[in-house]
Each structure stands twice: as structure tokens, then as C-alpha cells.
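Each chain, written out:
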Amino acid sequence: MATSLEPTADLGLFDAVVNLCKRRGFVFPSAEIYGGIRSTYDYGPLGALMLRNIREAWWRAMIQERDDVVPIDAAILTNPKVWEASGHLATFTDPLVDCRTCKERWRADQIEGTCPNCGSADLTEARPFNLMFKTFVGPVEEDSSIAYLRPETAQGMFVNYLNVETTTRRKPPFGIAQIGRAFRNEITPGNFVFRTREFELMELEFFVPPADSPRWQQYWCEERLAWYVRYGIASEKLRLRPHDPEELSHYSSGTTDVEFLFPWGWGELEGIANRTDFDLRAHQEHSGTSLEHFDQATGERYLPHVVEPAAGATRAMMAFLLAAYDEDEIGGERRVVLRLHPRIAPYQVAVLPLSKKETLSPLAREVLHRVQRRLMCEYDETQSIGRRYRRQDEIGTPYCVTVDFESLEDQQVTVRERDSTEQTRLPIDEVVSYLLGRLDL
Ligand code: GAP
């Protein structure tokens, strides 16, 4: 996996997207007025909208459009015994080395024997560093009140396996899905939102009869690859890569990553792991509660195996932005355009009165109110219409609806499409159905 910017990487695209994110309000350095906090980001108005759309696109594909997956929303703080049983307390570590010359700290597996900061080869021995953030529950800071911020959402689904199976009357194969924040005290976060200490996970734990797990893992690899294509990433920029045995997480018998061609090389978007019965067995042993499934048809009892597609929403956002970024020329003028899928774009529609004159405002707002009941809209009446079109192109809005002085007479408006810039005149009464028909919503 690419982990740091390589000197040969084409950084033009990376810089352009990072600048656009700041300039237009997708992503801000967290607490910027206090100098920020290293590699932590706040999602601005456009970023919050886009992240929400990514979550919804995942939810739609993984839950809404299926009949074998149910959602849960588990707590971030949980009983620390969960992390003891899951193996995270003992083995969720990265190898840490210190540079004795400049005092920087690095992940030993990401550098090649010399400090990337000062070039010194005088490094300490690698020692395991646990990535979980520790905190205390209640007012007293003592060992018995230690708790951890979850480094993955998966455990919330394993410890609730029985509750979900019983209350929803499911039997394998079926899945439990969850979206939520996860926290890892990464030694070297970086590459913008690619690797951060707080990020958003979208995870499915799919419980299957043990013999069926290889087939389901193959199935989920194909499904997940297709999801990124469905939402606008060209298939040439995606690939599936099976892990080498030494890369595998402590719980996995085999993992395949969906990778995206980032400006610095191939990097992981999500991992599809065969977690076997590792987690259910561990929780069964540590809790003393049987988590076996009883198959009434065969009279067999077994611990289901788990296939887990685990995707990062914040990392996916970066990939969608990089894949969508384009520059072209319209009427001799250079423009930046984000060719985002309409379901992923922050706004689906911008409603633009041709002029700020008060006579246009009431009709333009009426159009806005009609459209915003169904679609996320921005209303903008500042600057020239040309500049407003460019601004919407740059933030990926698929359609602009312009209300002009003729609209007052003929009750028609102009709809402009982002990619082709083609304009269509149509009655206000037809605008909503026209847009819904074209937005693949
Ligand atoms: N439950 C399995 C699990 O968490 P993972 O491969 O460690 O698997 C899944 O993480 C996904 O989460 C990754 O493919 C990546 O997209 C995202 N991810 C992991 N660590 C991240 C970080 N520090 N910052 C942003 N995204 C991260």
C-alpha cells in the first residue's frame, strides 16, 4: 500500500484537489485558528454534504437494495473486555522507531532503514506501539476505569450478533452493517485525509456457514469493486489486490483490497477480509456466552464465519474527488470541473436568478422551494452568471436552473448541464420531473 508521497509522484492533481477542498469549503484543517492539530480535519459545508452522500450511497447498496443485511449503530466506547477478546489490546500495533538524530518517529515498515526527515540511519530498534486511543470512564483516572475509542466498528457487530440474530429472526447467510467514526493513533498520518487519526468506517460483517466463506469473499470483492464504478470511478483506476500472508491482520485468513490509483500510486480503499470465526469464537470464550447458530434444518450447531468488506468513507471521498477532477475549455476559457456522480455531488442543483434585481427574486425562490423538496439545492444570486456557472462546475453541481426576465413572462427557465454545458429551456412545472429523470436518483 502506498503510504507516503513518493518523489516521483505526479502531485499536480493532488495539490489541485487539496487546494480546491480548502478554497471551496470541502475540508478545513481542524481548529485552524489555533494552528490546527496535525493531520486532523473538519469537513466544511460541501464536505459534510459529500460525506453524507457517500454514506447514503453505501447504505443504499449494502442495506436498502438487499434483503439479507440489517443495520446497527453501536457505541464508540464499550467494555474494554471487548478489545481484550478481539486481540486488539495485544496485537493492534505498528512497529515504531525513533530517529536518534532528529527525534522524528516513524513506522518501521514504511521506511527503508533511514529517517525520511534527516536521512540518518541512527534509528532505535522497532517496538510495538498500540494504536488504540485510551481514555477514562468516570471522574477517577485509574486502571479500572480505562476505556478505548473503537479502532473499528466491527466489534460492535460481533458482540451484538446474538441480539440481532434473535430479534430479526435471521440465519446465515446474513449481514450486519454499520457506519461510524473510528479512531487510531497512527504514527504517521498523512496524504491529506488518506490517513488520519479520526476517520469514518463503513463496515459489513457477513455471517455465513463456514464452508461458504471463500465463495462469499469472492462475491463481496466483485460487489465492492462495482460500487466504486457505479459511483463514478473509472474501472482502470481500480484494482483488487490480495494481501501477502505477512500483511494480514491478526484476525484474517485472507484479505483482498480494493485499490485506487492515487496520484502517488496504488492505495487501499477498502479491505475484504475472511475473518473466519475468529471474533465470534473469541467473544464466546471470553464472555462465556454461546454464540453458535443452531440450524433447525440440519440439527447442526456452528459458529458462523465472517466475510467483512470494510471501507473508509473519508478515504473514499478523497478518491471520488481525485477521480472527478478535470480541467477543460469552454468558449476559450479554462474551467475546472468536478465530474462527480449526481448522488455523490454535494449539491444536485443550483438555482440562479440571472440578476440580483428584486423583480426576479420571488420567482427564483419559488423555483428553489419546488426543487429543494426533492433535491439538495444551492441558491446563489451573487456575481455574473458566467462566474456562478464556473463556481458550480468547480464544486460538481450537475445542473443549474437559471431564472431570467423572460421567465416572468413565459414561466419557463433554463436548465444547464455541467459536463456538456448544454442548455434547455422548459416550463417551471416540468423542472422537477426533468431533473429527477436525468439525475439517476
Ligand atoms: N474492520 C476492519 C478494518 O478496520 P482496515 O483495513 O484497518 O480494516 C478499513 O480499515 C478501511 O478503513 C481502509 O481500507 C481505509 O479505507 C480506512 N482506513 C483505515 N485506517 C484509516 C486511517 N487512519 N485514516 C483514514 N481511513 C482509514
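### Overview of helix α6 (residues 161-168)
Part 1 of the argument: Listing the buried residues of α6 in full gives Tyr-161, Val-164 and Glu-165. The buried side chains of α6 occupy one side of the element, clustering within an arc of 95 degrees when seen end-on. Of the exposed residues in α6, the ones pointing more than 90 degrees away from its buried face are Thr-166 and Thr-167.
Part 2 of the argument: On the buried face of α6, the contacting elements are β3 (69-71), α5 (154-159), β9 (174-183), β10 (198-208), α8 (278-287) and β14 (293-295).
Part 3 of the argument: Immediately downstream of α6, the backbone of Arg-169 shows phi near 50 degrees, a positive value.

### Details of the sheet that holds strand β12 (residues 254-262)
Part 1 of the argument: A sheet is described by the order of its strands in space; here seven strands give the open sequence β3-β9-β10-β16-β13-β12-β11, paired in mixed fashion. Every other strand in the sheet has two partners, leaving β3 and β11 (238-242) as the edge strands with one partner each. Averaged over all pairs of adjacent strands, the angle between strand axes in this sheet comes to 25 degrees, irrespective of strand direction.
Part 2 of the argument: Relative to strand β16 (residues 305-312), strand β13 (residues 265-276) runs antiparallel, the two being bridged by six bridges. Across the sheet, Ile-272 pairs through a bridge with Pro-309, a residue of β16.
Part 3 of the argument: Contacts from helix α2 (residues 45-64) reach β3, β9, β10 and β16, with the element oriented near 0 degrees to β10.
Part 4 of the argument: Seen against the sheet, helix α7 (residues 213-230) touches β10, β11, β12, β13 and β16 and runs at an angle of roughly 150 degrees to β13.

### Considerations on the environment of Glu-152
Part 1 of the argument: Its place among the elements puts Glu-152 in the loop between β8 (146-148) and α5.
Part 2 of the argument: We classify Glu-152 as buried; its relative accessible area is 4%.
Part 3 of the argument: Apart from residues lying up to four places away in sequence, Glu-152 is in contact with Trp-83, His-88, Ala-182, Arg-184, Leu-201, Glu-203, Tyr-251, Arg-275 and Glu-308.
Part 4 of the argument: In this structure the side chain of Glu-152 is engaged in a polar contact, spanning 2.8 Å, whose partner is the side chain of Gln-155.
Part 5 of the argument: Side-chain polar atoms of Glu-152 contact the side chain of Arg-275, separated by 3.0 Å.

### A look at the packing of helix α10 (residues 361-372) against helix α13 (residues 428-438)
Part 1 of the argument: Between α10 and α13, the shortest axis-to-axis distance is 10 Å and the interhelical angle comes to 35 degrees. The chirality of how α10 crosses α13 is right-handed. Between α10, through Leu-363, Val-367, Arg-370 and Val-371, and α13, the contact on the second element is made entirely by Ile-428, Asp-429, Val-431, Val-432 and Leu-435.
Part 2 of the argument: Considering only residue class, the contact of α10 with α13 consists of seven nonpolar, no polar and two charged.

### Here we look at the sheet that holds strand β6 (residues 127-130)
Sheet strands line up and pair through hydrogen bonds in the backbone, either parallel or antiparallel.
Part 1 of the argument: Ordered by their spatial adjacency, three strands build an open sheet running β5-β4-β6, and the pairing between neighbours is antiparallel. Both edges of this open sheet fall to β5 (105-107) and β6, since each of them pairs with a single strand only. Across the sheet, the axes of successive neighbouring strands diverge by a mean angle of 50 degrees, strand direction being ignored.

### Quick look at the pattern of salt bridges
Part 1 of the argument: Applying the stated criterion across every chain yields a total of 39 salt bridges.
Part 2 of the argument: Notably, a salt bridge pairs Arg-241 with Glu-259, separated by 2.7 Å at the nearest N-O pair. Residue Arg-241 is located in strand β11, and its partner Glu-259 is located in strand β12; the two are separated by 18 residues in the primary sequence. Here Arg-241 and Glu-259 have matching classes, each one buried.
Part 3 of the argument: Among the salt bridges present, the one from Arg-335 reaches Asp-328, with a minimum N-O distance of 2.8 Å.
Part 4 of the argument: Taking the relative accessible area as the measure of exposure, Arg-335 reaches 1% and is therefore buried.
Part 5 of the argument: Accessibility expressed as a relative area gives 21% for Asp-328, which makes it partly exposed.
Part 6 of the argument: Among the charged side chains, a salt-bridge network with shared partners connects Asp-326, Asp-328, Arg-335, Arg-339, Asp-393, Arg-416, Arg-418 and Asp-419.

### Points about helix α1 (residues 11-24)
Part 1 of the argument: In this model α1 runs 20 Å from its N-terminal to its C-terminal C-alpha over 14 residues, within 8% of the 20 Å that 1.5 Å per residue would give.
Part 2 of the argument: The complete set of buried residues in α1 reads Phe-14, Ala-16, Val-17, Leu-20 and Cys-21. Projected down its long axis, α1 shows its buried positions confined to an angular sector of 165 degrees, all on one face.
Part 3 of the argument: Taken from the residues just after α1, Gly-25 is the one with a positive phi, measuring 90 degrees.

Reading guide: rules and limits
- Residues numbered from 1 in each chain as written.
- Predicted model: local features only at pLDDT ≥ 70, side-chain atom pairs only at ≥ 80, totals over all residues.
- Heavy atoms only, no water.
- Buried < 20%, exposed > 50% of the residue type's maximum accessible area, 1.4 Å probe, protein only.
- Helix = DSSP H or I, 4+ residues; strand = E, 2+ residues; numbered from the N terminus.
- Arc of directions from axis to C-beta.
- Contact = heavy atoms within 4.5 Å.
- Pairing = 2+ DSSP bridges.
- Axes fitted to C-alpha atoms, helices over the stretch in contact; angles between N-to-C directions.
- Polar contact = N/O pair within 3.5 Å; in protein donor to acceptor, adjacent residues only side chain to side chain.
- Left-handed = near helix turned anticlockwise from the far one by under 90°.
- Nonpolar A, V, L, I, M, F, W, Y, C, P; charged D, E, K, R; others polar.
- Salt bridge = Lys/Arg side-chain N within 4 Å of Asp/Glu carboxyl O.
- Expected span 1.5 Å × (residues − 1).

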